[in-house]
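Here is what each chain is made of, one letter per residue.
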Amino acid sequence: MWTITPIEGAPLGARVDGVDLRTDLSDALMTDLSDALYRHRMIVIKNQDLDEGQYYRFGEQWGRLIRHVLDYLRMPGYPEMMAIGNTQEKDKDENVRNGAAHWHTDGSYRPHPTTMTMLYAKKAPKVGGETLFCDMVGAYDALDDADKTRAENSIAHHYYGAAKVTAGDRPVSPIKTDEQAKRYDPVKRALVMPHPVTGQKALYGVGQSPFAIDGMEKDDADDLITRYKIHATDDRFVYRHKYEVGDIAIFDCLTTMHKAAETNYSSPDDLDTARLLWRLSTEGLPKVVLARGVADV
């Protein structure tokens, strides 16, 4: 039987042991995993050994798999799956390789926001290669009443990579074609989003995509977004995950932000430095959650 254990000393996250996703995608397992995800914001399923098809089928349990706007990162035969790392030819480009080395919320710029992302570690370096996660429920709860009210009454405009880059963050992975640039129009999202399953309020999407706020001058909007971002990414809200091969890190995009640690280009055969993650994201809610009568998003 599997076990789910909060990550010791971390503000969010839980470890899942005793699962073999090659043979078990049961409703009982998926119910426990989804409940754990919404309770802990992110979970890490340990010691998995999946091929592309097995991983894809697991991803399908979590919602509608989506294709990222950056089509040059997609994996052959699996357009919803991306290969994220530092060993492929495209990763020689520093801007591509470190294009997630900034705080962001996956899919905050999409017509339907991304609800879940998972990263499966196929190669994990001995040093570096971590992903940092921050708890946006905890960040919201820690605001004073005035800042909570201001955030709840603010509507941000989002577009891929359009936010002001702040200290410690890199620019996003680059848009390379007009078709990519035109795929999504700007969208509006509240800075505080109640979760569709738990109802908990969380700061939302104050990373790489918000570029304006309704009724505010540009500079004032940038300052407010930056202030919420600095607050949310304070160390007290952040967990830094060090991958081991076989880890599947799953995070609730409606209640977290995340950031990749910077990496250098590596030979695929250098086990000390090579990093490769398979990425899947969804919109909507898990099948087992919809089966309980929860309205989809």
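For the structure, see preceding data.
Residues numbered from 1 in each chain as written. Predicted model: local features only at pLDDT ≥ 70, side-chain atom pairs only at ≥ 80, totals over all residues. Heavy atoms only, no water.

Turning our attention to the nonpolar core. With 33 residues, the main nonpolar core has Phe 58, Ile 248 and Ile 250 as its most contacted residues. Among the elements that make up this core, the one with the highest residue count is helix H1 (residues 27-40) (six residues). If sequence neighbours within four positions are ignored, Ile 250 has contacts with Leu 37, Arg 41, Met 42, Ile 43, Ile 45, Phe 58, Trp 62, Met 116, Thr 117 and Met 118. Listed in part, the 24 residues of the second largest apolar core include Leu 143, Leu 203, Ala 232 and Val 238. (Core = buried A, V, L, I, M, F, W, Y, C linked by side-chain atoms within 4.5 Å. Buried < 20%, exposed > 50% of the residue type's maximum accessible area, 1.4 Å probe, protein only. Helix = DSSP H or I, 4+ residues; strand = E, 2+ residues; numbered from the N terminus. Contact = heavy atoms within 4.5 Å.)

Looking at where Asp 222 falls in the secondary structure, it is placed in helix H7 (residues 218-232). Excluding its chain neighbours within four sequence positions, the residues that come into contact with Asp 222 are Lys 164 and Phe 211.

Right, let's talk about helix H2 (residues 52-60) for a bit. For H2, every residue scored as buried is listed here: Gly 53, Gln 54, Tyr 55, Tyr 56, Phe 58 and Gly 59. For H2, the capping residue at the N-terminal end is Asp 51, with a side-chain oxygen 3.2 Å from the backbone nitrogen of Gly 53. (Polar contact = N/O pair within 3.5 Å; in protein donor to acceptor, adjacent residues only side chain to side chain.)

This part covers the sheet that holds strand E9 (residues 155-158). The sheet built from three strands is open, its strands ordered E10-E9-E13 with antiparallel pairing. Single-partner strands in this sheet number two, and they are strand E10 (187-190) and strand E13 (210-213). Neighbour to neighbour, the strand axes of the sheet diverge by 35° on average, direction disregarded. (Pairing = 2+ DSSP bridges. Axes fitted to C-alpha atoms, helices over the stretch in contact; angles between N-to-C directions.)

For the rest of this paragraph, the subject is unusual backbone geometry. The backbone of Arg 41 sits at a positive phi, close to 75°, despite the residue not being glycine. Mapping Arg 41 onto the fold places it in the loop between H1 and strand E3 (42-45).

Moving on, we get to the sheet that holds strand E8 (residues 131-135). Spatial ordering of the open sheet is given by E14-E8-E16, a layout of three strands whose pairing is antiparallel. The strands lining the two open edges of the sheet, one partner per strand, are strand E14 (238-241) and strand E16 (256-260). Here the average twist between neighbouring strands, direction ignored, is 20°. Relative to E16, E8 is paired through five bridges, and the arrangement is antiparallel. By the bridge assignment for E16, Cys 134 is matched with Met 257.

By the criterion of burial, E16 is predominantly enclosed, with five of the five residues buried. Of the two faces of E16, the one lined by Thr 256, His 258 and Ala 260 and the one lined by Met 257 and Lys 259 are each fully buried.

Attention shifts here to the pattern of salt bridges. Under the criterion given, the structure shown has 26 salt bridges. Here Asp 247 makes a salt bridge to Lys 46, at a shortest N to O gap of 2.7 Å. Of the two residues, Asp 247 is situated in the loop between E14 and strand E15 (248-252) and Lys 46 in the loop between E3 and H2; the sequence distance between them amounts to 201 residues. Like Asp 247, the residue Lys 46 is buried in the burial classification. (Salt bridge = Lys/Arg side-chain N within 4 Å of Asp/Glu carboxyl O.)

Below, the discussion takes up the packing of aromatic side chains. Taken as a whole and assessed by the stated rule, the structure comprises eight aromatic pairs. Ring centres of Phe 58 and Trp 62 lie 6.0 Å apart, and the angle between their planes is 85°; on these two criteria the pair is classed as edge-to-face. Since its relative accessible area comes to 0%, Phe 58 is described here as buried. Here Tyr 109 and Tyr 184 contribute two aromatic rings whose centre-to-centre distance is 5.8 Å and whose plane-to-plane angle is 55°, an arrangement assigned as tilted. Highlighted residues: Tyr 109 in the loop between helix H3 (94-97) and strand E7 (116-123) and Tyr 184 in the loop between helix H6 (178-181) and E10, separated in sequence by 75 residues. Among the residues examined, Tyr 109 registers a relative accessible area of 4% and is labelled buried. Overall, Tyr 184 belongs to the buried group, its relative accessible area being 14%. Through successive ring pairs, a cluster of aromatic residues spans Tyr 55, Tyr 120 and Trp 278. The lysine or arginine in question, Lys 122, covers the ring of Trp 278, its NZ or CZ lying 4.6 Å from the ring centre. Over the face of the ring belonging to Tyr 140 we find Lys 148, whose NZ or CZ atom lies 5.2 Å from the ring centre. (Phe/Tyr/Trp six-rings, centres within 6.5 Å; stacked < 30°, edge-to-face > 60°. Lys NZ or Arg CZ within 6 Å of the ring centre and 35° of its normal.)

Coordinates in, geometry out; function isn't part of it.
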